[in-house]
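Tertiary structure, described
Listed below, chain by chain, are the residues.
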Amino acid sequence: MKYSFKIKTLGVALMAVSILSSCTGDFDEINKDPNSLTEDQLDATLAGPAFASALYAGIHNGSYSSPGVDDQGTWGIATGILSSTFIHYLNCGYGTERNAFVNGYEGRGWTRFYTVAAPALSNAIKASEGNAEATAILKIWKVFMYNQMVDAYGPIPYTEAGNGKDKVPYDSVEFIYADFFKLLDEANATLASTSVTSVASLAPNDRVYSGSVDKWRIFGNSMRLRLALRISDKEPANAKTQAEAAVAAGVMQTNDQSAFFKASNITPNNLNMIVNSWGYVMTSSMESILVGYNDPRLSKWFAPVATGAYRGNPVGGLEDQFGTTEFSKFNNDVLGNGAANTLSETKNIEIFMASENYLSRAEGALNGWNMGGDAKTLYETGIRLSLAQWGVTNVDAVNAYINGTSLPTLPNILTLYPTLDLQDIPVKLPVAWSASTADQRTQIAVQKYLAIFPESWEAWADLRRSDAKVIYPVLNTDNPDAGVGKSLMKRIIYTTNEYSSNKAAVDDGVSKLGGPDSGGTRLWWDTK
């Protein structure tokens, strides 16, 4: 079936742009979706609507307001039950908190990415042929979208994704990263040299930067810095080159340059929609850090229990281990859905925060890279930006936090269950800048963990890369695979549908992975 009409608005775009009606999990069906728009229908008027779909689905969000597309369950599973639980941004209460892959949850994010986000981006690219500035922006978003997937799964279909063939090969992580840097370099060259300030074909549907050439250019350079740190243990010389080029070209420096997706009633913030209604709660790891540091973001993010204290749920508990014990929920007025149950329609979705760049530059400075400042100043500036992002602007309060010498504390749950294995507090350093370079690296990792919250895909990748001890081991594990146990999960396994419909390719992907298809196999850049 072909669509014979042109899409003019975001709402209709999310309902009808090509691939948005497909829900199959098999990759051969994904690639041959009969509802896809044909190339002769992809004129410039469709670039913006297709981009809108790629933006929203590319951050793993979905909406009931877009029939046939998706719903908030993709965020709830692919982000909430997987990455957010792995790094203790929340406790979901599902088997993944014990490092198990259950109910096929590993497939939800994969399927929605390859049936919604990736084809929508391909359509936007095809519809933008001949428009250099639009193409450059789409290259940047391609890097962002695929980076989250390759960092979650390892080798993935990339070069030939959406090629219309029955069998789609997997590219290695190393190859994909090399292409990322190539695309970002090309995009920066185009956007830095153009006199165009706003890309008209994308602007009406761009709910991140409204087509701004300068902001997308800065976003791209910030991605380049992020990826440079990711490969810093594997390719230190290349990492230095890429990071210094990114900073020289210009990365995010102020909160108004941060990337948020502007939520609406059609494209709601899925986190706000479901964290409290699905029963997600604060973790003991978050409590230990935030309470111990007297962190002013604590009350912004979470709510105290009836006693007035904050209580985090230890990740990895056995089913019903804690009975009716009350744990801190997400602050309903900030990260929940609000008293009127509509906050998800106005609370914008965090994509990439400026504070991360300062903390990345601080680490780069410790590596001996030219980051345009010294590590201590960059570290403290990153903290200030993160606090300001969440409305903490009182100068005395900010300075008190940055110079704070208090330490993370034992979780409140120990007052009720004193024998839990939570006595060894993961973070043993204050916020105030340490004299030891090794401690400084840990402090940067801790503050980046907090600054990126609640965007868990990047936070998970950064914890694996840095190996900083920031969160507790899980209390119990249901995963006997080597490299898993009670430690941080290293990756998401491939889907069963891939093995049934694209087996030769996924087998080759496992070969390129360099280890078994398990949650314990490290990715190419994860060398420690």
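For the structure itself, look to the data block above.
Residues numbered from 1 in each chain as written. Predicted model: local features only at pLDDT ≥ 70, side-chain atom pairs only at ≥ 80, totals over all residues. Heavy atoms only, no water.

This next bit is on the overall build of the chain. Regarding its fold elements, the chain presents 19 helices and two strands. At 22 Å, the chain has a C-alpha radius of gyration in line with the 24 Å of a compact globule built from 528 residues. Taking the principal axes of the C-alpha coordinates as reference, the chain spans close to 65 × 50 × 50 Å. Within the chain, the fraction of its 528 residues that count as buried is 62%. Side-chain charges of the chain comprise 43 positive and 54 negative groups, with the mean position of each set lying 3 Å from the other. (Helix = DSSP H or I, 4+ residues; strand = E, 2+ residues; numbered from the N terminus. Rg over C-alpha atoms; globule rule 2.2 N^0.38 Å. Buried < 20%, exposed > 50% of the residue type's maximum accessible area, 1.4 Å probe, protein only. Lys, Arg positive; Asp, Glu negative; His and termini not counted. Charge placed at Lys NZ, Arg CZ, Asp CG, Glu CD.)

Quick look at the side chain of Arg 464 now. Mapped onto the elements, Arg 464 comes out in helix H17 (residues 456-466). Of the side chains with opposite charge, Asp 526 comes closest to the buried, unpaired Arg 464, at an N-O distance of 5.7 Å. For Arg 464, the side chain forms a polar contact with the main-chain oxygen of Asp 151, separated by 2.7 Å. (Salt bridge = Lys/Arg side-chain N within 4 Å of Asp/Glu carboxyl O. Polar contact = N/O pair within 3.5 Å; in protein donor to acceptor, adjacent residues only side chain to side chain.)

A word on empty space enclosed by the protein. With the rule as written, the count across this model stands at five cavities of 30 Å³ or more. What the largest cavity holds in volume is close to 170 Å³. For the largest cavity, the lining is made up of 18 residues, of which Ile 59, Trp 75, Ile 349, Glu 350 and Glu 455 are closest to its centre. Every element with two or more residues in the lining of the largest cavity is listed here: helix H4 (73-86), helix H6 (132-153), helix H10 (270-274), strand E2 (349-352) and H17. (1 Å grid on protein atoms, 1.4 Å probe; cavity = no way out; pocket = protein on both sides within 12 Å on 5 of 7 lines; lining within 4 Å. Points joined across faces, edges and corners; volume = space filled by probe spheres on them.)

So, on to helix H5 (residues 106-127). The terminal C-alpha atoms of H5 lie 32 Å apart, and with 22 residues this matches the ideal 32 Å at 1.5 Å per residue to within 8%. The principal kink in H5, of about 40°, is found at Phe 113. For H5, a buried count of 19 out of 22 residues is recorded, marking the element as mostly surrounded by other parts of the structure. (Expected span 1.5 Å × (residues − 1). Bend = angle between axes of the 7 residues up to and from the residue.)

Following the sequence through the fold, Ser 285 ends up in helix H11 (residues 284-292). Ser 285 gets classed as buried once you look at its relative accessible area, which sits at 3%.

With that out of the way, let us pick up the packing of helix H13 (residues 354-366) against helix H14 (residues 375-389). Put simply, H13 and H14 touch, their axes get as near as 8 Å, and they point 165° apart. With respect to each other, H13 and H14 are oriented roughly antiparallel. Taken as a pair, H13 and H14 cross one another with a handedness that is left-handed. In this structure, H13 uses Ala 354, Ser 355, Tyr 358, Leu 359, Arg 361, Ala 362, Ala 365 and Leu 366 to contact H14, whose residues at the interface are Ala 375, Leu 378, Tyr 379, Thr 381, Gly 382, Leu 385, Ser 386 and Gln 389. Looking at side-chain class alone, the contact of H13 with H14 contains 10 nonpolar, five polar and one charged residues. (Axes fitted to C-alpha atoms, helices over the stretch in contact; angles between N-to-C directions. Parallel < 35°, antiparallel > 145°, perpendicular 65-115°, else oblique. Left-handed = near helix turned anticlockwise from the far one by under 90°. Contact = heavy atoms within 4.5 Å. Nonpolar A, V, L, I, M, F, W, Y, C, P; charged D, E, K, R; others polar.)

Here we come to the packing of aromatic side chains. Given two aromatic rings, their pairing is described by the distance between the two centres and the angle made by the two planes. Per the counting criterion, the structure on display carries 35 aromatic pairs. Relative to Phe 352, the ring of Phe 219 has its centre 5.7 Å away and its plane inclined at 70°; by these criteria the two rings are edge-to-face. Remark: Phe 352 occurs in strand E2 and Phe 219 occurs in helix H8 (residues 213-230); sequence separation between them is 133 residues. With relative accessibility at 0%, the residue Phe 219 sits in the buried group. Measuring from ring centre to ring centre gives 5.0 Å for Phe 302 and Phe 330, while their planes differ by 55°; the resulting arrangement is tilted. Remark: Phe 330 occurs in the loop between helix H12 (298-301) and E2 and Phe 302 occurs in the loop between H12 and E2; sequence separation between them is 28 residues. Grouped by ring-pair contacts, the aromatic residues Trp 110, Phe 113, Tyr 114, Tyr 146, Tyr 153, Tyr 158, Tyr 170, Tyr 177, Phe 180, Tyr 494 and Trp 524 constitute a single cluster. Seen from the ring of Phe 352, Arg 226 lies directly overhead, with NZ or CZ sitting 3.8 Å from the centre. Above the plane of the ring of Trp 525 lies Arg 230, whose end atom (NZ or CZ) is 5.5 Å from the centre. (Phe/Tyr/Trp six-rings, centres within 6.5 Å; stacked < 30°, edge-to-face > 60°. Lys NZ or Arg CZ within 6 Å of the ring centre and 35° of its normal.)

A word on the layout of surface pockets. Put simply, the largest pocket is a space of about 410 Å³. Forming the boundary of the largest pocket are 24 residues, of which Gly 93, Glu 97, Asn 313, Gly 323 and Phe 327 lie nearest the centre. Among the residues making up the lining of the largest pocket, the classes are represented as eight nonpolar, 10 polar and six charged.

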